[in-house]
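# Breakdown of the fold
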Amino acid sequence: MTRTSLRSALGLLLVAGVALSAAGCGDDDEKSASGGKVTITVNGLPPATEAANHQRFLDNVAEFERLNPDIDIDAREGKMDPQTFSAKLAGGQLEDVFYVYFTDPANLIAKRQVADISTYAKDFPVVDQVKPDLRKVFSGADGKLYGLPYKNYSSGLLYSRPLFTRAGLDPDNPPKTWADVRVAAKKIAALGNGTVGYGEYSKSNTGGWHFTTELYSVGGDVAVHDGGTWKAAFNSDQGRQVLNQLKEMRWTDDSMGARQSLEWADLLQLMGSGKLGMYVAPADNIPTIVNQYKGNFADYGLGPIPDGKGTLGGGEGYMFNAKATPEKIRAGLKWLTFWFTSAERFEAENKWAAENKLPVGLPEPQIFTGEAAATQAAADKKYANVPQENYAPFVAAMDSIPVKFEPPNAQQVYAVLDVAMLKVLTDRDANVDQLLADAEKQVNTILAGVK
């Protein structure tokens, strides 16, 4: 889970499309049966209220159409909305190429609501350089490919470098284990004046999201696929470890502050005010803290998730309407590999972002391997305008920590787990075993219909 409504604009700045050679003039088979142009509808266009990103999207569309005179793109605002998706599909309103989160593809593939693009993707070499685990997100049990990623993220430990320094901690050496986090949080909270050592969520599904991340970090699972069905797996030693440590930090150490029942914006605001030492977050929180809560890029460090046995990741990409014709699928792949799933376009996009004083060089995991990964890395380094040395611990550990994705029906599961998180943070007598047992029953009911 992530607040994509606030980070989507940044995502458009940090990603781009592939080699222009792959986006050359359309072949004869791209033409419609009548010999005219192929027109494809695509969504993901930022709203006009995001003026710079809206125009950048349209400028890329115009450039693509100049290079591909046989293809027209009808760009539309909006992204994936599970509440309206089926109705749009049934009513013929779904775009030919549409935006999805990493939690969407498996269900769409199972329901046969998306097109198999495997045959067509072979004509676009960059697809083979997409990381295998990300290709898997967009692949079915049959091994066929149904879409492409363009951005992914993973969570680490976001921390205040000034508070680390004031508390006698090394800002270049963030905590490596949860035991280290507990020690550091006590030192930061001891600074007084309302300073919180470690911040945690417990409302609006954010508590369940963080519980999942922290459970992964100590080697646990929220849900497992067993005998053809999904079952809750968090009522475990690892689940008890997560909740018990939070309970002890809250009530024994008094390092988490008295104000609880926090949701997404609360910790960003607290970090921006200089009153929060640490919390779990992906890198995309940093520009939001700076831009919305008057923070300073130089003040924030990012370390790997403590204990490092796993971390929650996610991302975004595009899939194809099941009703799309072969001509539309080929045209859509040309568009995606011109801008979104690309390495060659990173330099142009990073240059534009830097010129517009937008952040370049945040430590987002790459979607590529091989030559494409090297091309992207060089472009990021060339135009970086954020203090990349502050994120060195996160980057150094990035490839060694397994990235795990969200469980099925994630938002419903998170809502249940919010209750356990809130209870241990607001009731010093909370019974961790009972909380996990109660949550397990509810989550198993939620997962019962998932295949």
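It should be noted that the structure appears before, not after, this text.
My aim in this report is to walk through the structure given alongside it, one point at a time. The written sequence of each chain sets the order in which its residues are numbered from 1. Reporting of local features is limited, given that this is a predicted model, to residues whose pLDDT is at least 70; pairs of side-chain atoms are given and counted only at 80 or more, and all residues count toward the totals for whole chains, interfaces and linings. Hydrogen atoms and water are omitted, and side-chain values are computed over all heavy atoms in the structure.

A word on the overall build of the protein. Only runs of H or I of at least four residues qualify as helices and only runs of E of at least two qualify as strands under DSSP, and these elements are numbered from the N terminus. If you tally the helices and strands in the protein, you get 18 helices and eleven strands. Atoms counted for the radius of gyration: C-alpha only. Globule rule: 2.2 Å times the number of residues to the power 0.38. Its C-alpha atoms give the protein a radius of gyration of 23 Å, near enough to 22 Å, the size a compact globule of 451 residues would have. The contact criterion used throughout is that any non-hydrogen atoms of two residues lie within 4.5 Å. Nonlocal contacts in the protein, meaning residues at least 24 apart in sequence, comprise 80% of its contacts between residues at least 6 apart. Residue burial considers only the protein chains on display, and all accessible areas are found by Shrake-Rupley using a 1.4 Å probe. Of the roughly 18,300 Å² of accessible surface on the protein, 49% is carried by carbon and sulfur atoms.

Any Lys or Arg side-chain nitrogen found within 4 Å of a carboxyl oxygen on Asp or Glu counts as a salt bridge. For the coordinates displayed, the defined rule picks out 20 salt bridges. For Arg345, the salt bridge identified is with Glu63, shortest N-O distance 3.0 Å. Pair noted here: Arg345 is in the loop between helix H13 (326-338) and helix H14 (346-355) and Glu63 is in helix H2 (residues 51-67), with a separation of 282 residues, a long-range link. Residue Arg345 is classed as buried on the basis of its relative accessible area of 6%. Residue burial is assigned from relative accessible area. The probe radius is 1.4 Å, only protein chains are included, and a residue is buried under 20% of its type maximum, exposed over 50%, and partly exposed in between.

With that settled, consider the pairing of strand S9 (residues 300-303). Side chains Tyr300 and Leu302 project from S9 onto one buried face, and the interleaved Gly301 and Gly303 project onto a second face that is buried too. Pairing between two strands is assigned when DSSP locates at least 2 bridges connecting them. Taken together, the four bridges between strand S4 (residues 147-160) and S9 define a ladder with antiparallel strand orientation. Bridged to Leu157 within S9 is Gly303.

Let's shift gears to the environment of Thr445. Looking at the element boundaries, Thr445 is found in helix H18 (residues 432-447). Considering only alpha carbons, one finds Thr445 and Arg56, 389 residues apart in sequence, at a separation of 45 Å.

Moving on, we get to the packing of aromatic side chains. The aromatic pairing rule takes the rings of Phe, Tyr and Trp, using the six-membered ring of Trp, and pairs them if the centres are within 6.5 Å, calling planes under 30 degrees apart stacked, those over 60 edge-to-face and the rest tilted. Taken as a whole and assessed by the stated rule, the structure comprises 21 aromatic pairs. Aromatic pair Phe211 and Phe234: ring centres 6.2 Å apart, planes at 90°, arrangement edge-to-face. With a gap of 23 residues between them, Phe211 in helix H9 (residues 206-217) and Phe234 in the loop between strand S7 (229-232) and helix H10 (237-252) connect regions that are remote in the sequence. Residues Phe211 and Phe234 agree in their burial class; the two are buried. Aromatic ring contacts, followed pair by pair, group Phe57, Phe64, Tyr99, Tyr101, Tyr150, Tyr318, Trp335, Phe338, Trp339 and Phe340 into a single cluster. Two conditions define a charge located above a ring, namely a distance within 6 Å from the ring centre to NZ of Lys or CZ of Arg, and an angle within 35 degrees of the ring normal. Over the ring of Trp251 we find Arg250, and its NZ or CZ is 4.0 Å from the ring centre.

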